[in-house]
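Geometric and topological summary
This is what each chain is made of:
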Amino acid sequence: MPPVLDPSLLTSRDSGRPARWWVGIDGGGTSTRAVVADSQGRVLGRGEAGASALNQGTEQAWRHVGEAIQRAGVDGLTLQDCAIGLGLSGTGVPAQLRDFVEADPGVARFSLITDGLAALLGAHGGQPGALLISGTGSVAEALLPDGSRRLVGGWGWQIGDEGSGAWLGQQAMKLAQAAFDGRVPAGPLVQAVWRQTGATREDMLGFCAQAGQGGYAGLAPLVFEHEGDDPAASALLADAARALDALGTAVHPTLPLALAGSIALRLSSRLSPALQSRRVEPQGEPVAGALWLIQQQETNPA
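Here's a quick rundown of the structure. What you see is a predicted model; the values in this text were computed from it and never measured. (Residues numbered from 1 in each chain as written. Predicted model: local features only at pLDDT ≥ 70, side-chain atom pairs only at ≥ 80, totals over all residues. Heavy atoms only, no water.)

Quick look at the overall build of the chain
The condition that has to hold: Helix and strand labels come from DSSP, where a helix needs a run of H or I of at least four residues and a strand needs a run of E of at least two; each type is numbered from the N terminus. Here the globule rule is a power law, 2.2 Å times the number of residues to the power 0.38, and the radius of gyration is based on C-alpha atoms. Exposure categories follow from relative accessible area, calculated using a 1.4 Å probe and restricted to protein chains: below 20% of the type maximum is buried, above 50% is exposed, and the middle band is partly exposed. Residues are treated as being in contact if the distance between any of their heavy atoms lies within 4.5 Å. Every accessible area reported is derived by Shrake-Rupley at a probe size of 1.4 Å, with residue values counting cover from the shown protein chains alone. When charges are counted, neither His nor the chain ends are considered; positive counts come from Lys and Arg and negative counts from Asp and Glu. Every charge is mapped to an atom, namely NZ of Lys, CZ of Arg, CG of Asp or CD of Glu.
From N to C terminus, the chain includes 12 helices and 10 strands. Compactness check: the chain gives a C-alpha radius of gyration of 21 Å against a globular reference of 19 Å for 302 residues, within 12% of the reference. Based on the C-alpha atoms only, the size of the chain along its principal axes is roughly 70 × 40 × 30 Å. Within the chain, the fraction of its 302 residues that count as buried is 52%. Once local pairs closer than 6 in sequence are excluded, the contacts in the chain between residues at least 24 apart make up 67%. Total accessible area computed for the chain in this model is approximately 13300 Å², and 53% of it derives from carbon and sulfur atoms. Seen as two clouds, the 21 positive and the 29 negative side-chain charges of the chain have centres 1 Å apart.

Topic: the sheet that holds strand β4 (residues 43–49)
Rules: Only strands joined by at least two bridges in the DSSP assignment are considered to pair. All axes are obtained by fitting lines to C-alpha atoms, using only the stretch in contact for helices, and the reported angles, taken between N-to-C directions, cover 0 to 180 degrees.
Strands sit in the order β1-β6-β5-β2-β3-β4 across an open sheet of six strands; the sheet is mixed. Unpaired on one side and paired on the other, β1 (11–14) and β4 mark the two borders of the sheet. Put simply, the sheet's adjacent strands are angled 15° from each other on average, direction ignored. Bridge count for strand β2 (residues 21–27) against strand β5 (residues 82–88) is seven bridges, and the pairing is parallel. Paired with W21 across the bridge in β5 is C82. Here helix α2 (residues 94–102) sits on the sheet in contact with β1, β5 and β6 (109–114), set at roughly 15° to β1.

Comments concerning the sheet that holds strand β9 (residues 149–153)
The mixed open sheet is built from four strands, whose spatial order is β9-β8-β7-β10. Each of the sheet's edge strands pairs with one partner strand only, and the pair in question is β9 and β10 (257–260). Ignoring which end each strand starts from, the neighbouring axes of this sheet average 15° apart. Across five bridges, the pairing between strand β8 (residues 138–143) and β9 is antiparallel. The residue bridging V139 from the neighbouring strand is G153, located in β9. Contacts from helix α3 (residues 115–124) reach β7 (129–134), β8, β9 and β10, with the element oriented near 125° to β7. Lying over the sheet, helix α9 (residues 231–251) contacts β7, β8 and β9, oriented at roughly 20° with respect to β8.

As for the packing of aromatic side chains
Inclusion rule: Here the aromatic set is Phe, Tyr and Trp, taking the six-membered ring for Trp, and pairing holds for ring centres within 6.5 Å; pairs whose planes are under 30 degrees apart are stacked, those over 60 apart are edge-to-face, and all others are tilted.
Taken as a whole and assessed by the stated rule, the structure comprises four aromatic pairs. Judged by centre distance (5.8 Å) and plane angle (85°), the ring pair of F207 and Y216 falls under edge-to-face. Residue class for Y216 comes out buried when judged on its relative accessible area of 9%. Among the aromatic side chains, those forming a connected cluster through ring pairs are W62, F100 and F110.

Comments concerning the environment of A178
Along the chain, the position of A178 falls in helix α4 (residues 165–181). Those residues in contact with A178 that lie beyond four places of it in its chain are R183 and V184.

A word on the side chain of H252
Basically, it comes down to this: Polar contacts, as counted here, are pairs of nitrogen or oxygen atoms within 3.5 Å of one another; within protein the pair requires one atom able to donate a hydrogen and one able to accept it, and residues that are adjacent in sequence qualify only if both atoms are side-chain atoms.
For H252, the location among the structural elements is in the loop between α9 and β10. Separated by 3.1 Å, the side chain of H252 and the backbone nitrogen of T254 make a polar contact. Side-chain polar atoms of H252 contact the backbone nitrogen of L255, separated by 3.1 Å. Each residue touching H252, except ones within four places of it in the same chain, is listed here: A142, L144 and R278.

Right, dumping it as structure tokens:
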């Protein structure tokens with residue numbers, strides 16, 4: 001049997017009305033994905049809408065959740081008859097979480113967790129396991145046998161997220177700035193950065209002032225492109241792999257480990273033998289983890 005999740009990881013609301021449909025939601029800063037199942041667990045449809053990260057606003061989050069569910073194309077579906085498992089970005093900020101819960105449009109019931117935990121549940125089918133994510137950002141999570149969660153990294157691109165796309169882009173920009181000063185050679189990677197951002201001090205300062213997480217992550221492909229012709233690019237990728245190795249080791253030393261995110265997958269062959277020996281393929285997507293959550297809550301009510 002899968003572990004029962006620690007109640008502190010969940011935020012739930014129940015209207016007391018019976019639900020006709022079970023819905024899983026995976027929502028982040030770019031998109032919202034929904035999967036709709038009937039009360040026997042048969043998947044009836046999937047839909048997608050815009051971003052539902054809570055830091056982009058409660059009204060938008062609920063609107064896009066509703067749109068994604070409606071776009072699953074299930075006849076007669078209404079939010080009021082849905083039991084929804086929600087894996088959303090931004091639930092760690094108490095004010096954002098409170099506003100979202102209070103804006104409940106009247107669904108039959110919902111259980112809300114972080115998008116990372118939904119991905120973890122999906123990757124291991126609700127069983128104990130670990131997940132190492134590196135895309136725009138990076139984080140490692142583990143679901144322990146007692147139902148608790150361990151979280152390592154995920155401190156944000158401004159100061160952390162080592163081994164991520166944003167981190168790689170920041171390191172590439174640091175090289176470009178140092179090369180401008182004459183502190184390091186202006187190799188192929190630096191030249192590529194200059195072509196993309198501009199080669200003057202003013203250009204680079206302007207880029208850094210407005211880049212944000214996504215802007216820096218947009219430089220990461222250049223590092224991979226020049227791995228073969230620039231030792232500086234190869235060294236950055238080795239540093240990124242070591243950072244991901246540290247996350248995967250720290251989150252748990254023995255649990256099965258799944259990888260997610262474009263950077264983690266591209267660096268997978270560089271991970272240590274110890275991590276490689278634990279690696280398993282994800283069983284399902286984050287939206288499947290959110291659906292599993294609400295199905296468990298429905299079949300095993302507190």
